[in-house]
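Commentary on secondary and tertiary structure
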Amino acid sequence: VWSRIWAVLSQYFIAVGCQPNLAVAMYAVDSLRQLAMKFLERDELANYTFQNDFMRPFVVVMRQSQAVEIRELIIRCLSQMVLARVNNVKSGWKSMFMVFTTAAGDPDPTIVRLAFDTIEKIVREHFGHITETETTTFTDCVNCLIAFTNNPHSMEVALNATAFLRYCATKLAEGAIGELPDALPGAVVEAERLAPTRVVSGELAVLHAS
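Residues numbered from 1 in each chain as written. Predicted model: local features only at pLDDT ≥ 70, side-chain atom pairs only at ≥ 80, totals over all residues. Heavy atoms only, no water.

1. Remarks on the pattern of salt bridges
- Summed over the entire model, instances satisfying the criterion amount to 8 salt bridges.
- Arg76 is paired through a salt bridge with Glu72; the nearest N and O atoms lie 3.0 Å apart. Taken together, the residues span about one helical turn, with Arg76 and Glu72 both in helix α4 (residues 68-84) at a distance of 4 residues.
- The class of Arg76 is partly exposed, set by a relative accessible area of 45%.
- The shortest N-O distance in the salt bridge between Asp140 and Lys94 comes to 3.6 Å. (Salt bridge = Lys/Arg side-chain N within 4 Å of Asp/Glu carboxyl O. Helix = DSSP H or I, 4+ residues; strand = E, 2+ residues; numbered from the N terminus. Buried < 20%, exposed > 50% of the residue type's maximum accessible area, 1.4 Å probe, protein only.)

Pasting the structure below:
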C-alpha cells in the first residue's frame, strides 16, 4: 500500500522540486530530505528496495532542475544522509550513486567538487558498506568514479577519481568485495598500504583516512 502511495507522492515532490520558484523548490527538497532521514533511521529488510524508490526523486530533480542552488542542495542533503546513516543504507546506494554520477557532469564546477568530496569520504571511510548488500552497488560506485574521471572542469578530480578506481580494482582482485575491513592491526597496515593517492598541486601524496 505504501509503495502505491509513494508512487503518487514522489511525482509531486519531483514536480515541486523542479519549480522555477526557488524558495518553493528548496522547501520541497528539504522536506524530502527530512522524510528520507526518518526512513534511514531503520534498517531495510533483505530483498526490499524501498530506500532506492524513496530516493529516486532526488535523482530526477538533479537531472532536470535548471537551478544550481537546487542541485547543490541535493548534493548537500545526500551527503548529510549517507554520512549520518551509512550503517543503514542498503538499496539506497543505487540512487545516491546515480545522483553523484549526474553531478560529475554538471556544468557548474562547484557541484562537481562538492559531489566528489562526498564520494571520497564514502570510498575512504565506508567502502565496506558499499559492497555488503549486493555487488551491483560496487558496480554503481565504479561507474560513478568513471564519470568523475571524465568531468569537464577539474583535472585534479579526474586524477583522484582514477586513483580510487585503482583502489577498487585492488579490492576486487583481492576478493574483498562485500567484506568489512578487519579491525586487527595487521589489516590496518595493509589498508594504509593500499590507500588511494590524492593529487595535490600536481604532486602525489598518500592521505590516510582519518
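Having seen the model, we can carry on.
2. Observations concerning the side chain of Gln51
- Mapped onto the secondary structure, Gln51 falls in helix α3 (residues 50-64).
- By relative accessible area, Gln51 is classed as buried at 7%.
- Side-chain polar atoms of Gln51 contact the backbone oxygen of Asn88, separated by 2.9 Å.
- The residues contacting Gln51, other than those within four sequence positions of it, are Leu40, Arg42, Glu44, Asn88, Val89, Lys90, Ser91 and Gly92. (Polar contact = N/O pair within 3.5 Å; in protein donor to acceptor, adjacent residues only side chain to side chain. Contact = heavy atoms within 4.5 Å.)

3. Re the packing of helix α2 (residues 22-39) against α4
- Look at α2 against α4: their axes get within 10 Å of each other, and the N-to-C directions meet at 10 degrees. In terms of their interaxial angle, α2 and α4 are classed as roughly parallel. Handedness of the crossing formed by α2 with α4: right-handed. On the side of α2, the interface is formed by Leu22, Ala25, Met26, Val29, Arg33, Ala36 and Met37, while α4 contributes Glu69, Ile70, Leu73, Ile74, Cys77, Gln80, Met81 and Ala84. (Axes fitted to C-alpha atoms, helices over the stretch in contact; angles between N-to-C directions. Parallel < 35°, antiparallel > 145°, perpendicular 65-115°, else oblique. Left-handed = near helix turned anticlockwise from the far one by under 90°.)

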